[in-house]
There are 2 protein chains.
Amino acid sequence: PGKAKDKVVKFGKRVEKLGKDDPRRVIHSLKVGLALSLVSLIYYWRPLYDGFGISGIWAVLTVVVVFEFRVGATLGKGLNRGLATLLAGALGVGALHLSNLFENEGKPIVLAILVFLLAATATFTRFFPTIKARYDYGVMVFILTFSMISVSGYRVEKLLEMAHQRLSTILIGGATCIFVSIFVCPVWAGQDLHNLIASNIDKLANYLEGFGSEYFQVSKDGDCIEASENDKSFRKGYKTVLNTKSTEESLANFAKWEPGHGRFLFRHPWKQYLNIGALVRQCAYHIEALNSHFTNDIETSAEFMRVIQESCAQMSSESGKALKSLATSVRAMKHDPESAKEHVEKSKTAVKDLKTALKAAALEDSDLLSIMSAATVASILVEIVDCVENISKSVHE
Amino acid sequence: PGKAKDKVVKFGKRVEKLGKDDPRRVIHSLKVGLALSLVSLIYYWRPLYDGFGISGIWAVLTVVVVFEFRVGATLGKGLNRGLATLLAGALGVGALHLSNLFENEGKPIVLAILVFLLAATATFTRFFPTIKARYDYGVMVFILTFSMISVSGYRVEKLLEMAHQRLSTILIGGATCIFVSIFVCPVWAGQDLHNLIASNIDKLANYLEGFGSEYFQVSKDGDCIEASENDKSFRKGYKTVLNTKSTEESLANFAKWEPGHGRFLFRHPWKQYLNIGALVRQCAYHIEALNSHFTNDIETSAEFMRVIQESCAQMSSESGKALKSLATSVRAMKHDPESAKEHVEKSKTAVKDLKTALKAAALEDSDLLSIMSAATVASILVEIVDCVENISKSVHE
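Every chain's residues receive numbers from 1 upward, in the order its sequence appears when written. For naming, the first written chain is A and the first written ligand is 1, with later ones following in the order written. Given that the model is predicted, a residue must reach a pLDDT of at least 70 before its local features are reported, and side-chain atom pairs must reach 80 or more before they are shown or counted; all residues, however, enter totals for whole chains, interfaces and linings. For side-chain calculations, the full set of non-hydrogen atoms in the structure is used, while hydrogens and water are omitted.

On a plain count of helices and strands, chain A comes out with 15 helices and zero strands. A radius of gyration in this sense is built from C-alpha atoms; the matching globule rule multiplies 2.2 Å by the number of residues raised to 0.38. Here chain A has a C-alpha radius of gyration of 30 Å; the compact-globule value for 397 residues is 21 Å, and the former is much larger. Counting only C-alpha atoms and orienting by the principal axes, one finds that chain A spans roughly 100 × 55 × 45 Å. Throughout, exposure labels follow a simple rule: accessible area from a 1.4 Å probe, protein chains only, divided by the maximum for the residue type, with under 20% read as buried, over 50% as exposed, and the rest as partly exposed. Counting all 397 residues of chain A, 53% fall into the buried class. Total accessible area on chain A is roughly 18,900 Å²; 60% of this is exposed by carbon and sulfur atoms. Residues scored as positive are Lys and Arg, those scored as negative are Asp and Glu, and His as well as the terminal groups of each chain are ignored. For charged residues, the charge sits on one atom: NZ in Lys, CZ in Arg, CG in Asp, CD in Glu. Considering chain A, the positive charge centre built from 46 side chains and the negative charge centre built from 41 side chains are found 10 Å apart. A helix here means a DSSP run of H or I that spans at least four residues, while a strand means a run of E at least two residues long, and both kinds are numbered starting from the N terminus. To measure how exposed things are, a 1.4 Å probe is used in the Shrake-Rupley method; for residues, cover is taken only from the protein chains shown.

This part takes up the pattern of salt bridges. Where charged atoms from two side chains of opposite charge come close, those side chains can pair. Whenever Lys or Arg places a side-chain nitrogen within 4 Å of a carboxyl oxygen from Asp or Glu, that contact is recorded as a salt bridge. What the rule picks out here adds up to 33 salt bridges over all chains. For Lys 77 of chain B, the salt bridge goes to Glu 68 of chain B, with nearest N and O atoms at 3.0 Å. When its relative accessible area of 18% is taken as the criterion, Lys 77 of chain B is described as buried. Judged by relative accessible area, Glu 68 of chain B falls into the partly exposed class, the value being 25%. A network of salt bridges, in which partner residues are shared, links Asp 22, Arg 24, Arg 70 and Asp 192 of chain A.

So, on to the interface of chain A and chain B. Facing the 81 residues of chain A at the interface are 81 residues of chain B. Counting each side, the surface lost to burial between chain A and chain B is near 7,500 Å², with a carbon and sulfur contribution of 75%. Summed over the shared surface of chain A and chain B, the number is zero salt bridges. Any N or O atom pair separated by 3.5 Å or less is treated as a polar contact, with the protein-specific requirement of one donor-capable and one acceptor-capable atom, and with residues adjacent in sequence counted only for side-chain atom pairs. Across the chain A-chain B interface, the total number found is ten residue pairs in polar contact (both at pLDDT 80 or more). Per element, the largest residue contribution to the side of chain A that touches chain B is 13 residues, and it comes from helix 2 (residues 24-44) of chain A. Any two residues whose heavy atoms approach within 4.5 Å are treated as being in contact. Defined here as a combined quantity, buried area equals the accessible surface (1.4 Å probe) lost by two parts on assembly, summed across both.

A separate point is a nonpolar patch on the surface. Residue and element names in this part refer to chain A. Here, patches come from residues exposed beyond 30% relative accessible area and free of salt bridges, joined within 9 Å for like charges and within 5 Å for nonpolar side chains (Val, Leu, Ile, Met, Phe, Trp, Tyr). Residues Leu 34, Leu 38, Leu 41 and Trp 45 make up a contiguous nonpolar surface patch of about 380 Å² in total accessible area. Structurally, Leu 38 can be placed in helix 2. What makes Leu 38 partly exposed here is its relative accessible area of 40%.

On to the packing of helix 12 (residues 270-291) of chain B against helix 15 (residues 372-395) of chain B. If you want to describe how two helices pack, look at the angle between their axes and the distance between the axes. Residue and element names in this part refer to chain B. Axis angles are defined between N-to-C directions and span 0 to 180 degrees, where every axis is a line fitted to C-alpha atoms and, for a helix, only to the segment in contact. Interaxial distance between helix 12 and helix 15 falls to 9 Å at its minimum, and their mutual angle equals 170 degrees. Of the possible angle classes, the one that applies to helix 12 and helix 15 is roughly antiparallel. Touching Gln 272, Asn 275, Ile 276, Leu 279, Val 280, Gln 282, Cys 283, His 286, Ile 287, Ala 289 and Leu 290 of helix 12 are Val 377, Ile 380, Leu 381, Glu 383, Ile 384, Cys 387, Val 388, Asn 390, Ile 391, Ser 394 and Val 395, all from helix 15. The residue classification treats Ala, Val, Leu, Ile, Met, Phe, Trp, Tyr, Cys and Pro as nonpolar and Asp, Glu, Lys and Arg as charged. All others, Gly included, are polar. Here the contact of helix 12 with helix 15 is composed, by residue class, of 15 nonpolar, six polar and one charged. Orientation is classified from the angle alone, with under 35 degrees giving roughly parallel, over 145 giving roughly antiparallel, 65 to 115 giving roughly perpendicular, and any other angle giving oblique.

It is worth spelling out helix 8 (residues 159-183) of chain B at this point. The span expected for a helix works out to 1.5 Å for each residue beyond the first. For helix 8 of chain B, built from 25 residues, the straight-helix expectation of 36 Å at 1.5 Å per residue is met to within 8% by its first-to-last C-alpha distance of 36 Å. Where helix 8 of chain B ends, the next residue or the one after it, Cys 185 of chain B, has phi of about 40 degrees, a positive value.

With that settled, consider the packing of helix 15 (residues 369-395) of chain A against helix 15 of chain B. Axis separation between helix 15 of chain A and helix 15 of chain B bottoms out at 8 Å; the angle between their running directions is 110 degrees. One element, helix 15 of chain A, and the other, helix 15 of chain B, form an angle in the roughly perpendicular class. In contact with Met 372, Ala 375, Thr 376, Ala 378 and Ser 379 of chain A of helix 15 of chain A, helix 15 of chain B contributes Met 372, Ala 375, Thr 376, Ala 378 and Ser 379 of chain B.

Turning our eyes to something else, we now look at the environment of Gly 53 of chain B. Relative to the helices and strands, Gly 53 of chain B is located in the loop between helix 3 (46-52) and helix 4 (57-66). Separated by 112 residues in sequence, Gly 53 of chain B and Gln 165 of chain B have C-alpha atoms that sit 8.1 Å apart.

Turning our attention to helix 12 of chain B. Taking 1.5 Å as the rise per residue, helix 12 of chain B with 22 residues should run 32 Å; its terminal C-alpha atoms sit 31 Å apart, in good agreement. Judged by how many residues are buried, helix 12 of chain B sits mostly within the fold: 16 of 22 residues are covered.

Okay, the relation of the copies chain A and chain B next. Turning chain A through 180 degrees and shifting it by 0.0 Å along the axis lays it on chain B, with an RMSD of 0.1 Å. Both copies are brought into coincidence by an operation consistent with a two-fold rotation axis. When C-alpha positions in chain A are compared against the rotation axis, the closest is assigned to Thr 376 of chain A, at 2.2 Å. Of the residues that chain A buries at the interface, 100% are likewise interface residues in chain B, meaning the two copies contact each other through the same surface. Least-squares fitting of one copy onto the other uses the C-alpha atoms of those residues that reach a pLDDT of at least 70 in both copies.

All right, on to the state of the cysteines then. Residues and elements named next belong to chain A. Counting rule for disulfides: a pair of cysteine sulfur atoms within 2.5 Å. Following the criterion strictly, the structure yields zero disulfides over all chains and no others. Cys 185 supplies the cysteine sulfur nearest to Cys 177, a cysteine that is in no disulfide, at a spacing of 16 Å. Cys 185 gets classed as partly exposed once you look at its relative accessible area, which sits at 46%.

Nine residue types can take part in a nonpolar core, namely buried Ala, Val, Leu, Ile, Met, Phe, Trp, Tyr and Cys, and a core is a set of them joined through side-chain atoms within 4.5 Å. Phe 216 and Ile 308 of chain A together with Phe 216, Ile 308 and Leu 381 of chain B are the most contacted members of the largest nonpolar core, which has 132 residues in total. Here the element with the most residues in this core is helix 15 of chain A; it accounts for 15 residues. Those residues within four positions of Leu 381 of chain B in sequence are excluded, and the remaining contacts are Leu 208, Phe 211, Phe 216, Leu 290, Cys 312, Met 315 and Ser 316 of chain B. Judged by nonpolar contacts, the second largest core, of 88 residues, contains Val 60, Ala 84 and Val 115 of chain A together with Val 63 of chain B.

Let us look at the environment of Val 330 of chain A. Residue and element names in this part refer to chain A. Checked against the element boundaries, Val 330 lands in helix 13 (residues 302-332). On the basis of relative accessibility, which here comes to 9%, the residue Val 330 falls in the buried class. The sequence separation of Val 330 and Ser 347 amounts to 17 residues, and the corresponding C-alpha distance is 20 Å. Beyond its immediate sequence surroundings of up to four residues, Val 330 is in contact with His 194, Ala 198, Ile 201 and Val 395.

Dropping the structure here:
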């Protein structure tokens, strides 16, 4: 029993963490419950039930399958479902009329052939990347509705009345979802994408700012303990940036469905976020390479370090600052190129200083092996300065 | 009209390409059509229709939503749907009995509260990463079935008969999907994951083999034209490896549902593939850093090149060969550590040679700036040798 109690406590803590990490999850769960309770009124409330009959259950079904965490996802699914149902409904009724031209034994054969052809063709279109990204659910509903109508139409009479009832309950269900998801504590995919990009830039900035002072030990000795406390977090933070591509893409797809909200207008240039995201990831790859040179088993030549130390520390901290200021200007959506540009310029000056210093320097006491690691760090930093400049240009576009 | 014709031709070409790239797509589309035609027999064929009535439509619905491209995905969705329907059905009937204890006006209120609580709780569980990965669809069907039963149970009589009919048609639909997807040209997620990992390793191998001879120009002059032909393809191939993490994860999740097939037994260690995949990606990050030093605007010191040339070309080509042989042994599922190990050992010897050469060398005519880029290439290659050794260990585990 002690073990079972432990497990329950552990589970409780996981639930609490999940809710605390993002309280919108709890709110979303309550919103789903609310939307479901609203549409079940169609069943419970006599006057409504008399109107829709057992078709009311389609409203419940629609809410469960359409309601998603983000407004854009809900809207996309809702619109896909509505349009696909309409289109497939019309085609299905057409197919039934066509089959009526044949004799009794021929009817099911004609219908089966039509269902086969349409399902196979529509399934194939789901492999088109553009359709897959935005209309996958719509195509599925299209196949579903068409088959249901042409199959059940063979037996059911009063088909049009049934179709009408179903369509209206689906619309009610979809409208309830969209209404609840937009007006009760909305979770906008666009806002999430915006925040994700800004926080990714921030993470890289933290790494670069931390790296400069750690690796080149510019900081005073007194700061060392504090630095090694922050150490772990800044050295791991950037890792998540490496794998956010698919998240960014799906958020951008959802965001395209969303109406204007907050500081985002409809047709906000979401694609631009993907471009920035790709450049940020490019920079993260370089940081990943940089990170593997953090510790080094061969002692670095102090002579060489003196040559590169100052300019490299400058490059690292100035690109970090540039990224910080870019993250701030993305967050605030302000077109403020100056402050980032200033840091970018400073980091580029540092690159020039480095090149001049290297050209002038000669090794006296050190062998080549002892400079390899530091030389690599220096040239990766030069690449990073380039990347940061690209990010800066792209943000201010 | 000329423009329209152009567009049609263009579209036709895209369709053809989509089909040719992976002919299994065409087959999958036909399989969906086949499964749908099979289950619509329930409606068309009188004796079956008499048994199931209009509930037969649930078989059609099940086929459309459950049938997926890969066997594992279909099985996972089918089992999720079946189990969730059973569980939610039982709970739903229980909820109806509970509500019968209350008076007429109280019933809908009790039911609405139950639906609200259950839907909110179940929606929250979808945020658990483990549930999200494998049981997301099951939880959705659970909410759906529970709400449908407890809402419609309030009005519909003969609930048990209806539930029984629906459950059996859902089982028929699910079984048809699973049968068709397993026995008609099956597409196994496990096999796809296996191939993906092997081809990712291959792509890195191609890069490394190409890089050595290109960058250090070891090849004879006569080969130059041929090399620059291959040039473009090997330098881009590895890029896709950077972003396959989410594909690998979903394939592994599907593969866990699959029974033994071909050379894979049930409970094949799919997790091991994810580990290898992560190491391969790690190596790809280093290659990405390497790739940015392919072209260089500052002339590299010929003196320094002579020092590192031989051992670096060796490192690059031997790690490439090691990866090639690892890819082959993954493909063939042969436990053949020797041939890869041999190349890994050779590349490690080359690392040692490089270190010795660097320790002994001194620069006479060159400044430090002119060696930076080549020094970086050399130390990234050292990192890659490490990575390849890790991949080799992980493959032979």
